[in-house]
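For reference, the chains in residue letters:
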Amino acid sequence: MKTVVIGLNHKTADVELREKLAFNGQKLEDGIRQIRELPEIRETVIVSTCNRVEIYLRVKDVKKAFEAVKDFFVRFFEIKREALDNALYLYHDMEAVRHIFRVSSSLDSMVVGEPQILGQLKDAFEFALERKTTGVLLNRLLKKSISVAKRVRTETKIAENAVSISFAAVELAKKIFADLSEKTFMLLGAGEMAELAAKHMINNGVKDIIIANRTYETGCNLAKEFKGRAIRFDDYIDELAHADILICSTGAQNYVLMKGQMQKVMKERKNRPVFLIDISVPRNIDPGINDLDNVYLYDIDDLQGTVDTNILERQKEARKADDIIEKEVETFKKWLSSLDTVPTVVALREKAEAIKKEELEKLLNRLPEIGEKEKKAIEGMAGSIINKLIHAPTVALREDSEDRDIMIAVIKRLYGLNGEDDDEK
Amino acid sequence: MEVILFELALTFYFAATIVCVLELFKGTSTTSRIMFSLVVIGFALHTANIIARYVLSGHIPIANLHEASSFFAWCIVLLFFYLEYRYKPGLLGSFIMPVVFVLMLSSSMLPRKIEPLSPVLQSCWLGIHTVLAFIGDAAFAMAFGIGIMYLIQEHYVKSKHIRGLFRKLPSLQMLDDINYRLITIGFPFLTLAIITGALWAESAWGSYWRWDPKEVWSLITWFIYASVLHVRLTAGWRGKRAAILSVIGFCAVLFTFFGVNLLGKGLHLF
């Protein structure tokens, strides 16, 4: 049996194609059933997220399965076959195992280390389990991929550092303040990025939220959304004395906060530290303010700079993660090949038992006069002869050796165990 | 016996210091646990050593420079446990254990003989005065380590170089809080040490204050820390300035402790 991954992701297919091939809602329900019913396929799991569509399979013949799945895509999503040519990738056997481990550990993600993919993978697995489209191989593989992902998360720092501007701002705030839950946060202005950063700050538990907007009504609406307090824009400098964290994003073409003003604010604050985040372009806060003691001013480039270093660090950690995955792939390989020997061991024992039964019957029919005691003794002897005979080959099969495949073939041949399809077991 | 205890304690502190320095470069939760256990074992041996010396000599073992350095280090480790328990600041050990080790090492190189106390020192004040002084000094030593940590972290945040120790060091606010807390511990102890010292001087020599170098330097130290607290409360000198002042203050402490003994002449010479 062979493990196969057929799929496409953000690296091989553009958004348009990914959207077309997404399995959502009813499509997933129908898709997984139809794929499972293809004659080439034994087990299947479908993972469909906005960055990837992947199908995990157990098949007998890789090439046939690939063609069958391609045909299925063309039919199911009504697209041209050519569109798939460059987008689809195919991994089989250990390559496939490695790929699934890398996906679950978020090494294959657009943002390396992002945590969502593991949850999405778990959901996909559960969905397949409920529909009974998986079997011994994919069950084991998917469970393993979840535990590998957890191992990577705890043993490397792959998910530790912020890789988005708004998270970077929160991370910095936590290195300036010991406890955000006693801090006051002020949002000056509005804008998509500013609001996102504000949301992250608020999710991290700041105590009070002050919103200042040039249009007071907009401010009030935002205040409602964030459960904060709206103030008039012109009052913000007075209020700044109470705010520990400020995110500033106004459309102003010049500085709205000058060094002299900030000096006054700091006096009023008794020098309690303040974290200013200026994500407006052009900048709204006089950069000279960063020279003041206990004032930490970051503009959008500074934040981007920290994000860049974090991304570099994640890449370093990703290399460590790959080493872990390599070891796990090895372990999985061993398990897989031990699985190969199971049917042969069973067949060998069955064959021996059959011979024993047949010969005993023959003998006992010819000797009707013997008593129970003698009968038992003969049966016992027959049992120990077959046990001793199949003991050595069984041990040899179970041994974890390089030439296990040859061993299986030889034993099948020697004992005449052919004709059975392992996959059906 | 007490010699073996001392050497063992020194060895464990040494091992802990090595682990602490390693932690700066390649720290995991395992290295911090190893470091902490090493310090705990070292501290237990150290405590046993101090008790053994007390039993042998019959007085509190702070009568010569060897014993004083050793006791100083002991107080610092005690405070280290307190801070670890109360705040759990990352990397504190890396900044404190080297200080402990240097104190213990210098202690190990000083004459260790237990000699009978000179008559002047035979007083209940010996224990009270010296213990107060050393607890105060230990708090200042700690504030020094924390101050250095603050200055490093502040540099990272201010210069926007988010790398190196930035992630492992605690937040600026926590460091500043601990620094302030330590000085509010150290200052009353120093004050009491000076007062008990004056009382002792009165009973031993008949005058409260004799402008002995140690007394003068203690007073200078006292003024430095008094001003640290004063400007913090009145002018809001917190953060960086408070950290710098606590570094300067500790230099005065060190000079009072070693400098005066080694260079000067006076009543406090051991």
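Remember, predicted model here, so these are calculated numbers, not experimental data. (Residues numbered from 1 in each chain as written. Chains lettered and ligands numbered in written order. Predicted model: local features only at pLDDT ≥ 70, side-chain atom pairs only at ≥ 80, totals over all residues. Heavy atoms only, no water.)

Applying the stated criterion across every chain yields a total of 27 aromatic pairs over all chains. Taken together, a centroid distance of 5.4 Å and an interplanar angle of 50° make the contact between Phe 233 of chain A and Tyr 236 of chain A tilted. Here the aromatic rings of Phe 71 of chain B and Phe 134 of chain B are separated by 5.8 Å at their centres, their planes lie at 75°, and the arrangement is edge-to-face. Placement of Phe 71 of chain B in helix 3 (residues 65-86) and of Phe 134 of chain B in helix 5 (residues 124-159) is noted, with a sequence separation of 63 residues between them. A relative accessible area of 8% means that Phe 71 of chain B is categorised as buried. Through a chain of ring-to-ring contacts, three or more aromatic side chains come together here, namely Phe 36, Phe 43, Phe 71, Phe 72, Trp 74, Phe 80, Phe 81 and Phe 134 of chain B. A cation sits over an aromatic face here: Lys 175 of chain A above Phe 166 of chain B, 5.9 Å from the ring centre. Above the face of the Tyr 87 of chain B ring, Arg 86 of chain B is positioned so that its terminal group lies 4.7 Å from the ring centre. (Phe/Tyr/Trp six-rings, centres within 6.5 Å; stacked < 30°, edge-to-face > 60°. Helix = DSSP H or I, 4+ residues; strand = E, 2+ residues; numbered from the N terminus. Buried < 20%, exposed > 50% of the residue type's maximum accessible area, 1.4 Å probe, protein only. Lys NZ or Arg CZ within 6 Å of the ring centre and 35° of its normal.)

Residue and element names in this part refer to chain A. Pairing is parallel across the open sheet formed by six strands, whose spatial order is 7-6-5-8-9-10. Two strands lie at the open edges of the sheet, namely strand 7 (229-232) and strand 10 (295-299), each paired on one side alone. Geometrically, the sheet is characterised by an average inter-axis angle of 20° between neighbouring strands, direction not taken into account. By the bridge criterion, five bridges tie strand 5 (residues 184-189) to strand 8 (residues 245-249) in an arrangement that is parallel. Residue Gly 189 lies in a different strand from strand 8, and its bridge partner there is Ser 249. Contacts between helix 10 (residues 216-226) and the sheet are confined to strand 5, strand 6 (208-213) and strand 7, with strand 6 contributing the most and set at about 160° to the helix. (Pairing = 2+ DSSP bridges. Axes fitted to C-alpha atoms, helices over the stretch in contact; angles between N-to-C directions. Contact = heavy atoms within 4.5 Å.)

Moving on: the confidence of the model for chain A. Residue and element names in this part refer to chain A. This prediction gives chain A a mean pLDDT of 89; 98% of its residues lie at or above 70. Within chain A, the lowest mean pLDDT, 82, falls on helix 15 (residues 404-415), and the highest, 95, falls on helix 5 (residues 94-104). Considering only residues more than four positions removed or in separate chains, one finds that residues 420-425, a stretch of pLDDT under 50, has 12 contacts. (pLDDT = per-residue confidence, 0-100.)

Time to look at the interface of chain A and chain B. Accessible area lost during the coming together of the parts is what is often quoted as the interface size. Facing the 30 residues of chain A at the interface are 23 residues of chain B. Carbon and sulfur atoms supply 46% of the area that chain A and chain B bury against each other, a total of about 2,100 Å² over both sides. Area buried by chain A at its contact with chain B is led by Lys 175, Asp 293 and Tyr 296 of chain A, which between them contribute 30% of it. Across the chain A-chain B interface, the total number found is four salt bridges. (Buried area = accessible area lost by both parts, 1.4 Å probe. Salt bridge = Lys/Arg side-chain N within 4 Å of Asp/Glu carboxyl O.)

So, about the side chain of Thr 221 of chain B. All names here are of chain B. Mapped onto the fold, Thr 221 is located in helix 7 (residues 213-235). Among the residues examined, Thr 221 registers a relative accessible area of 2% and is labelled buried. Setting aside anything within four residues of it in sequence, one finds Thr 221 in contact with Leu 190, Gly 249, Ala 252, Val 253 and Thr 256.

Residues and elements named next belong to chain A. Relative to the assigned elements, Arg 58 resides in strand 3 (residues 52-59). Look at Arg 58 and you get buried, because its relative accessible area is 10%. Within polar-contact distance, the side chain of Arg 58 engages the side chain of Glu 43 at 2.8 Å. (Polar contact = N/O pair within 3.5 Å; in protein donor to acceptor, adjacent residues only side chain to side chain.)

The next point concerns the nonpolar core. Residues and elements named next belong to chain A. Within the largest apolar cluster, 113 residues are counted, with the highest numbers of intra-cluster contacts made by Phe 185, Ile 245 and Phe 275. With near-sequence residues (within four places) excluded, Ile 245 lies in contact with Ala 173, Phe 177, Leu 180, Thr 184, Phe 185, Met 186, Met 201, Val 206, Phe 275 and Ile 277. Membership of the second largest hydrophobic core comes to 67 residues, among which are Val 53, Leu 57, Leu 121 and Phe 125. (Core = buried A, V, L, I, M, F, W, Y, C linked by side-chain atoms within 4.5 Å.)

So, about the confidence of the model for chain B. Keep in mind that low pLDDT regions are not for reading the predicted coordinates in detail. Model confidence for chain B is summarised by a mean pLDDT of 87, while 96% of its residues fall at 70 or above. Averaged over each element, pLDDT in chain B is lowest for helix 8 (residues 240-263) of chain B (85) and highest for helix 6 (residues 172-205) of chain B (92).

Looking now at the domain arrangement of chain B. Residue and element names in this part refer to chain B. Looking at chain B, the domain boundaries give domain 1 (1-117) and domain 2 (123-270). With centres defined by C-alpha atoms, the gap from domain 1 to domain 2 works out at 19 Å. The interface of domain 1 with domain 2 comprises 31 residues on the first partner and 31 residues on the second. The junction of domain 1 with domain 2 conceals about 2,700 Å² of combined surface from both sides, 85% of it contributed by carbon and sulfur atoms. The largest contributions to the domain 1 side of the interface with domain 2 come from Phe 72, Tyr 87 and Phe 95, which together make up 24% of the buried area. Inspection of the domain 1/domain 2 interface yields zero salt bridges. Our count for the contact surface shared by domain 1 and domain 2 stands at three residue pairs in polar contact (both at pLDDT 80 or more). Of all the elements in the fold, those that place two or more residues in the side of domain 1 that touches domain 2 are helix 1 (2-25), helix 3 and helix 4 (92-109). For the side of domain 1 that touches domain 2, the element with the highest residue contribution is helix 3, accounting for 11 residues. Residues of the side of domain 1 that touches domain 2, tallied by class, amount to 23 nonpolar, six polar and two charged. (Domains from an automatic or database assignment. Nonpolar A, V, L, I, M, F, W, Y, C, P; charged D, E, K, R; others polar.)

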